[in-house]
Amino acid sequence: MTHPHPTDHIDAMLHETRVIHPSEAFQASAKVSRAEYERLYRQSLDEPDQFWADVANELHWFRPWDQVLDWQEPHAQWFVGGQTNIAYNCLDRNVERGYGDKQAIIWEGEDGEVKTYTYAELLKEVCQAANALLELGVQQGDRVTLYMPLIPEAAISMLACARIGAAHSVVFGGFSVSALAERINNAKSKLLITADAGFRRGKPVSLKVNADEAAKLALGLEKILVVKRAGTPVEWWTEGRDVWWHDMVDKQSDQHEAVPLDSEHPLFLLYTSGSTGTPKGVQHTTGGYMVGTYLTTKTVFDLQDNDIYWCTADIGWVTGHSYSVYGPLLNAATVVMYEGAPNQPDWGRFWDIIQKHRVTILYTAPTAIRAFMQHGDEIPGRYDLSSLRLLGSVGEPINPEAWMWYYRVIGGERCPIVDTWWQTETGAIMLTTLPGAFPSKPGSAGLPMFGVEPGLMTHEGEELGPDDGGLLVIKRPWPSMLRTVYGDDERYRKSYWGEIKGVYFAGDGARRDQDGYYTIVGRVDDVLNVSGHRLGTMEIESALVGHSSVSEAAVVGRPDPVKGEAVVAFILIQDGHTADPSELRRHVTREIGALARPDAIYIADALPKTRSGKIMRRFLRQIAAGNEITGDTSTLEDPAVLEKLASTPAV
Ligand code: ATP
Ligand code: MG
């Protein structure tokens, strides 16, 4: 194939042909049918103001907006002049609509403790927390940093901030002192909310100790509010600065009037995972984010009144914000939250939770699915998973083999899978297949959500046609999009709307098939250039994972004098198998061609991942090239993995 811009074109390698249709029964009761999707999608592009006004009107506004969208590229304002409150919409509105006695949160601690909150109870707790924040001097417009385990108080704190108009900045509880301090300083937070410790793999992991250390580096911090979660001894207690949650929150009135906030009032800051570089403080605002997460949760997860919905993401990630807290609560869903590790006490923990709480919708990440797959079918086979009716995937491309495993072993070949592509920056799901409306194609995210106009382009802004791979862009603003990078609008302009003129640049490579389905083939930064062919990482990785002996794979390029780049694969071996490098090379050649055959294969015990479970290929590139490891490692789950890999010989 000839192409005018060979540098932006990404070759399609893997030809996945399986198509999985939702059952008749699922289609019959689905919220959105195919015809309805087509009509609404068309309307969302042709009459966007009307479309978005109709969605927004399903929610509560203290004051109606004057204008749906004001777009001064690259800055968008949505529902301009409107006033609302997302916590009011999650709680008060649902209690008023008669959901007061419905379970809002079913929380399970790693130690097995279970706590539940109805909508009416959650509203009271959030009101008390909001009053406590006010007593601690937090004002509308301030930022509050959260550094917490996944306990109910984390969601309560987020909602309490939203209720008074303070922006929350959640920092994942596994992050180090320096990562925490950097984020407190960047956000200029005066209050930190934390806990004594959380449970992880059976052991209490101290958070207060890190908070104390971070406070030494974050001098603007005035107060630390501490939840007693683990009951572990707290060594330091700074009088005047440190306050126990049970002393401060429990005594407050459970009445609080949610503050009417401008639609564009900042709701939260969230630093991206850092898979490709230094994390950015992505800023989201109130009205548009609310409308986007409300609509996508309702339609993508086909939410019905009796669903028990579980998104396994930690609240430290955007998925935990949009699909554990805001989106499902806006829809009056019953949300399951689990504090701990998936393998505590063993790899059956998720299935035990599903069986015990009769979970109907499960939303998790490919990294978890591949880990379960590595340990075989027998463990999930011991549990009753018949309550499940819908599965979701997010965070990385899901390899077709992992998709099929999820479908067969977890979903019992009964549950549709929604593979949802989106980003911290997009706030809400952008590409997927609505479960009752369209068939799924394993490994392919699918079609655009309402109001999303994607495209494939070259850096010059030239559109690529069907079956062509290129840079994934979004061609118009959408309500839940980020508004800026906190404190660095220049970075916002440059990274997202400055890369290709007039469109949002996602940083991912993708291709589109004849049915309009988008398949993410990897991050643009990770694309390989082998003998003039540009190869996304996903397809070679998927071919490797497609071999029965491989449970996980990461592929990078290594400079090569002849080919430009040589393919280097890092693989994990499936339990009970051994590696046969020449067989794997033959397998990749068979599946996608000799071009993609790995020149070097490293058999690894673990891959370097972000704390959210994404493979960080930039470090693997350094190892493959034999270079020293440089760059920000602060979001890495286990830095020791790198040293180990660096001393592993290739085969
Ligand atoms: P950073 O931007 O700091 O490098 P990050 O991109 O990992 O970090 P997130 O916003 O958490 O931070 O992740 C969004 C990215 O995750 C997407 O750009 C894409 O690369 C990947 N991703 C998410 N969901 C999917 C999916 N369903 N299919 C393919 N890729 C996905
Ligand atoms: Mg990113």
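Residues numbered from 1 in each chain as written. Chains lettered and ligands numbered in written order. Predicted model: local features only at pLDDT ≥ 70, side-chain atom pairs only at ≥ 80, totals over all residues. Heavy atoms only, no water.

1. Structural notes on the nonpolar core
The tendency in soluble globular proteins is for nonpolar side chains to be buried side by side. Core analysis: the largest hydrophobic core is formed by 145 residues, its most contacted members being Leu 122, Leu 159, Phe 301, Tyr 326 and Phe 450. Those residues within four positions of Phe 301 in sequence are excluded, and the remaining contacts are Thr 296, Tyr 309, Tyr 323, Ile 361, Tyr 363, Arg 389, Leu 390, Val 418 and Ile 429. Listed in part, the 52 residues of the second largest apolar core include Leu 385, Val 530, Val 567 and Ala 596. (Core = buried A, V, L, I, M, F, W, Y, C linked by side-chain atoms within 4.5 Å. Buried < 20%, exposed > 50% of the residue type's maximum accessible area, 1.4 Å probe, protein only. Contact = heavy atoms within 4.5 Å.)

2. What about the layout of surface pockets?
A volume near 390 Å³ is recorded for the second largest pocket. Taken together, 21 residues make up the lining of the second largest pocket; nearest its centre are Leu 14, Glu 16, Arg 511, Asp 513 and Thr 519. Classifying every residue of the lining of the second largest pocket gives 7 nonpolar, 6 polar and 8 charged. (1 Å grid on protein atoms, 1.4 Å probe; cavity = no way out; pocket = protein on both sides within 12 Å on 5 of 7 lines; lining within 4 Å. Points joined across faces, edges and corners; volume = space filled by probe spheres on them. Nonpolar A, V, L, I, M, F, W, Y, C, P; charged D, E, K, R; others polar.)

3. A few points about helix α5 (residues 92-99)
Among the residues making up α5, those that are buried are Asp 92, Arg 93, Asn 94 and Tyr 99. Looking at the packing, one finds that the buried side of α5 touches α4 (86-90), α6 (119-135), α7 (152-164), α11 (286-300) and α12 (318-330). (Helix = DSSP H or I, 4+ residues; strand = E, 2+ residues; numbered from the N terminus.)

4. Section: the environment of Tyr 41
Mapped onto the elements of the fold, Tyr 41 is located in helix α2 (residues 34-46). The class for Tyr 41 is buried, based on a relative accessible area of 13%. On a C-alpha basis, the gap between Tyr 41 and Phe 301 in space is 17 Å, while along the polypeptide they are 260 residues apart. Apart from residues lying up to four places away in sequence, Tyr 41 is in contact with Pro 448, Met 449, Phe 450, Gly 451, Val 452, Glu 453 and Pro 454.

5. Topic: the site of ligand 1
Every one of the 20 residues lining ligand 1 counts as a neighbour, but Thr 272, Ser 275, Thr 276, Thr 424 and Asp 508 are closest to it. The backbone of Glu 396 places a nitrogen or oxygen atom 3.4 Å from a nitrogen atom of ligand 1. At 2.7 Å, a backbone N or O of Thr 420 approaches a nitrogen atom of ligand 1. Across the complex, the protein chains shield 94% of the 640 Å² of accessible surface that ligand 1 would expose by itself. (Near = heavy atom within 4 Å. Polar contact = N/O pair within 3.5 Å; in protein donor to acceptor, adjacent residues only side chain to side chain. Areas by Shrake-Rupley, 256 points an atom, 1.4 Å probe, with all protein chains shown as cover.)

6. So, the state of the cysteines
Applying the stated criterion to the full structure yields 0 disulfides. Free of any disulfide, Cys 311 has its nearest cysteine sulfur in Cys 90, 14 Å distant. For Cys 311, a relative accessible area of 3% gives the class buried. In this structure Cys 415 is a free cysteine whose sulfur lies 17 Å from that of Cys 311, the closest cysteine sulfur available. (Disulfide = S-S within 2.5 Å.)

7. Re the sheet that holds strand β25 (residues 484-485)
Spatial strand order, β12-β11-β8-β6-β7-β14-β15-β25: 8 strands in an open sheet with mixed pairing. Every other strand in the sheet has two partners, leaving β12 (242-244) and β25 as the edge strands with one partner each. Note that strand β7 (residues 167-170) and strand β14 (residues 266-271) share 2 bridges and pair parallel. Note on β14: the bridge partner recorded for His 168 is Phe 268. (Pairing = 2+ DSSP bridges.)

8. Remarks on the pairing of strand β1 (residues 67-72)
With 5 bridges connecting them, β1 and strand β2 (residues 75-80) associate as antiparallel partners. Along β2, the bridge assignment pairs Leu 69 with Trp 78. Taking the residues that link successive antiparallel strands as the turn, the β1-β2 hairpin has 2 residues.

9. Digging into the pairing of strand β26 (residues 504-512)
By the criterion of burial, β26 is predominantly enclosed, with 9 of the 9 residues buried. Here 5 bridges tie strand β24 (residues 469-474) to β26, and the two strands are oriented antiparallel to one another. Looking at β26, one finds that Leu 471 is bridged to Gly 509. Looking at chain direction, β26 and strand β27 (residues 518-523) are connected through 5 bridges and run antiparallel. Following the sheet pairing, Gly 509 is matched in β27 by Gly 522. Hairpin connection, β26 to β27: the antiparallel pair is bridged by 5 residues, and Gly 516 has positive phi, about 85°.

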